[in-house]
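# Understanding the architecture of this molecule
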Amino acid sequence: MKERKRLGSIIVFYAIAILFRFLAVKTNLLDFTDNEFIKILLRGIGPAIGAFVSVKLFNIPLKLSLKGNYRNIFLPFLVFWIVPVLLIGTVSYIQQGQFPFVLLSTVLVYGLLEEIGWRGFLQEQLKDLPKLQSIIIIAVLWFIWHLNFEFTTSNLIFLGILFLGTWGIGKVYNKTYSLLAVSGFHSLNNFFRNGLHQTELILIAVLLVIWIGFIIRYDSYKKYQDIQ
């Protein structure tokens, strides 16, 4: 019965996620607005809605929260949201004379909407499976959800990135259970919409060093506090 419930919840979650993605990117439904930022958010809202419906319908508890394992919401918000906005925004201002605050914030919220589904719901439902099997299932479903099935080199690379992201963001989830943390990692590549060049790669490397170092340091601090 438990396995049937889990499978049913995953089917409902994914059907809703796919439906909203299809309506957003394959129909003219978003023509009601010219606001590009609203369109971005609506393209990524399906996994969140699917997760919430399944959680309600099947009475499933979610571990994921904005602060996760951190004592308060300010710390992960500062490290995983404010730091990238300030860092990328400042570099953009120096290079292009503009601070894209709204775009950066929208990308972070977009990542948040997706991660409610992929990590907060789906990974949690598959946690009893062997790790590799869970990664493969999530990555493949995540790839299909994008509804881009052209057999191109860039798409194969993208599939590889999703496998790597599923593994990496999954580890962040298991360490923090924080929506702010996983959405930050999720958004890392999406910050740079026009491709990755030397400056963008440096910014990604800097943020990864800051974030991974923070997670390791905080985890050590928490273990030390638990001993005391």
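The numbers attached to residues start from 1 for each chain and follow its sequence in the written order. Reporting in this predicted model follows two pLDDT cut-offs: at least 70 for local features of residues, and 80 or more for side-chain atom pairs to be given and counted; totals over whole chains, interfaces and linings ignore these cut-offs and use all residues. Hydrogens and waters are ignored; side-chain quantities use all the structure's heavy atoms.

## Here's the deal with the UniProt feature "domain: CAAX prenyl protease 2/Lysostaphin resistance protein A-like" (unreviewed entry) in the protein
Within this numbering scheme, the UniProt entry marks residues 99–192 as carrying the feature "domain: CAAX prenyl protease 2/Lysostaphin resistance protein A-like" (unreviewed entry). In this description a helix means any DSSP run of H or I spanning at least four residues, a strand means any run of E spanning at least two, and both kinds are numbered starting from the N terminus. Between the first and last C-alpha atoms of residues 99–192 the distance is 14 Å; the span itself is 78% helix and 0% strand. UniProt positions are given in the numbering used here, feature names are shortened, and annotations may be inferred rather than shown by experiment.

## Some words on the nonpolar core
Of all hydrophobic cores here, the largest spans 54 residues; its most connected members are Phe 80, Phe 121, Leu 122 and Phe 191. Sorting the residues of this core by element identifies α1 (2–25), α3 (46–58), α4 (74–96), α5 (101–125), α6 (131–145), α7 (153–176), α8 (179–187) and α9 (198–227) as the ones contributing at least two each. With 11 residues, the single largest contributor to this core is α5. We call two residues in contact when some of their heavy atoms are within 4.5 Å. Setting aside its immediate chain neighbours within four residues, Phe 191 contacts Pro 84, Ile 88, Leu 104, Val 107 and Leu 108. Take the buried residues of types Ala, Val, Leu, Ile, Met, Phe, Trp, Tyr and Cys, join any two whose side-chain atoms come within 4.5 Å, and each joined set is a nonpolar core. Relative accessibility decides the category of a residue: with a 1.4 Å probe and only protein chains considered, values under 20% of the type maximum give buried, values over 50% give exposed, and everything between is partly exposed.

## Examining the UniProt feature "transmembrane region" (unreviewed entry) in the protein
Those places that UniProt annotates as "transmembrane region" (unreviewed entry) correspond, in this numbering, to residues 7–24, 44–62, 74–93, 129–145, 151–170 and 201–218. Helix makes up 100% of residues 7–24 and strand makes up 0%, while its end C-alpha atoms are separated by 26 Å. As a span, residues 201–218 carries 100% helix and 0% strand, and end to end its C-alpha atoms are 25 Å apart.

## Points about the confidence of the model for the protein
The pLDDT score gives, residue by residue, the confidence of the prediction method on a 0 to 100 scale. Residues with a pLDDT of 70 or more make up 96% of the protein, whose mean pLDDT is 92. Across the protein, the secondary-structure element scoring lowest on mean pLDDT is α9, at 88, and the one scoring highest is α6, at 97.

## Quick look at the packing of aromatic side chains
Pairing of aromatic rings covers Phe, Tyr and Trp, the last through its six-membered ring, and needs centres within 6.5 Å; plane angles under 30 degrees mean stacked, over 60 mean edge-to-face, and all others mean tilted. Evaluated as defined, the whole model comprises 15 aromatic pairs. With a centroid separation of 5.7 Å and 85° between ring planes, the pair formed by Phe 13 and Trp 118 is classed as edge-to-face. With Phe 13 in helix α1 and Trp 118 in helix α5, this pair connects stretches of sequence that are 105 residues apart. Trp 118 carries the same exposure label as Phe 13, and that label is buried. Ring centres 4.8 Å apart and planes at 70° place the aromatic pair Tyr 173 and Tyr 177 in the edge-to-face group. Residue class for Tyr 173 comes out buried when judged on its relative accessible area of 1%. Cluster of aromatic residues (ring-pair linked, three or more members): Phe 13, Tyr 14, Trp 118, Phe 121, Trp 142 and Trp 145. For a Lys NZ or an Arg CZ to count as sitting over a ring, it must be within 6 Å of the ring centre and within 35 degrees of the ring normal. Against the face of Trp 145 rests Arg 21, its NZ or CZ located 4.3 Å from the ring centre. Its end group placed over the ring of Trp 142, Arg 119 keeps NZ or CZ at 4.8 Å from the ring centre.

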